[in-house]
Amino acid sequence: MSNAINDFLQQDTKMLEKIIQEYPKQIPVKIIAEWWGCTQDAIRAALEQSGLLGIGYRQPGKMNRGFVIPTGHFIRWYLCMKENS
């Protein structure tokens, strides 16, 4: 494997380690948006549309939506791991 690929994978792994250490339960939308170089609205839209990253919801009677990215679920999804791996 080339040095560029190894360097990229090492940086990616370091970011995952940082996320796990700093956000052991839930990852803020802002953190994923900054890492992936997109807007927070794009992450929120992905949460609402697919639910792959986490949960987007609106409580009855509320105007604002809530967004949750569970750390364990996100890491497994990102690494293409099964829930019981």
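Preceding block: the structure.
Values in this document were obtained by computation on a predicted structure and should not be read as measured data.

Peer 1: Help me out: how do you make sense of the pattern of salt bridges in this one?
Peer 2: Pairing between side chains becomes possible if they bear opposite charge and their charged atoms approach one another. What the rule picks out here adds up to 2 salt bridges. Among the ionic pairs, Lys 30 bridges to Glu 34, the shortest N-O distance being 3.8 Å. Remark: Glu 34 and Lys 30 occur in helix H2 (residues 29-36); sequence separation between them is 4 residues, near one turn of the helix. Judged by relative accessible area, Lys 30 falls into the partly exposed class, the value being 44%. With its nearest N and O atoms 3.1 Å apart, the salt bridge here joins Arg 44 to Asp 41.

Peer 1: Just checking my understanding: could you explain the packing of H2 against helix H3 (residues 40-49) for this structure?
Peer 2: A pair of packed helices can be characterised by two numbers: the angle between their axes and the separation between those axes. At a minimum axis separation of 8 Å, H2 and H3 run at an interaxial angle of 115°. When the axes of H2 and H3 are compared, the pair comes out roughly perpendicular. As H2 packs across H3, the resulting crossing turns out to be right-handed. Listed contacts from H3 to Val 29, Lys 30, Ile 32, Ala 33 and Trp 36 of H2 are Gln 40, Ile 43, Arg 44 and Leu 47. Residues of the contact of H2 with H3, tallied by class, amount to 6 nonpolar, 1 polar and 2 charged.

Peer 1: Is there a simple way to explain the side chain of Thr 71 in this structure?
Peer 2: The residue Thr 71 is located in helix H4 (residues 71-78) in this model. For Thr 71, a relative accessible area of 3% translates into the label buried. Setting aside residues no more than four positions away along its own chain, Thr 71 makes contact with Ile 20, Tyr 23, Pro 24, Lys 25, Gln 26 and Ile 27.

Peer 1: Explain the packing of aromatic side chains to me, please; I cannot follow it from the model alone.
Peer 2: We describe a pair of aromatic rings using the distance from one ring centre to the other and the angle between the two ring planes. Scanning all chains against the criterion turns up 9 aromatic pairs. Here the aromatic rings of Trp 35 and Phe 74 are separated by 6.3 Å at their centres, their planes lie at 65°, and the arrangement is edge-to-face. With a gap of 39 residues between them, Trp 35 in helix H2 and Phe 74 in helix H4 connect regions that are remote in the sequence. With centroids separated by 5.9 Å and ring planes inclined at 40°, the aromatic side chains of Phe 74 and Trp 77 adopt a geometry described as tilted. Placement of the pair is Phe 74 and Trp 77 together in helix H4, with a separation of 3 residues, close to one helical turn. On the basis of relative accessibility, which here comes to 33%, the residue Trp 77 falls in the partly exposed class.

Cut-offs applied
- Residues numbered from 1 in each chain as written.
- Predicted model: local features only at pLDDT ≥ 70, side-chain atom pairs only at ≥ 80, totals over all residues.
- Heavy atoms only, no water.
- Salt bridge = Lys/Arg side-chain N within 4 Å of Asp/Glu carboxyl O.
- Helix = DSSP H or I, 4+ residues; strand = E, 2+ residues; numbered from the N terminus.
- Buried < 20%, exposed > 50% of the residue type's maximum accessible area, 1.4 Å probe, protein only.
- Axes fitted to C-alpha atoms, helices over the stretch in contact; angles between N-to-C directions.
- Parallel < 35°, antiparallel > 145°, perpendicular 65-115°, else oblique.
- Left-handed = near helix turned anticlockwise from the far one by under 90°.
- Contact = heavy atoms within 4.5 Å.
- Nonpolar A, V, L, I, M, F, W, Y, C, P; charged D, E, K, R; others polar.
- Phe/Tyr/Trp six-rings, centres within 6.5 Å; stacked < 30°, edge-to-face > 60°.

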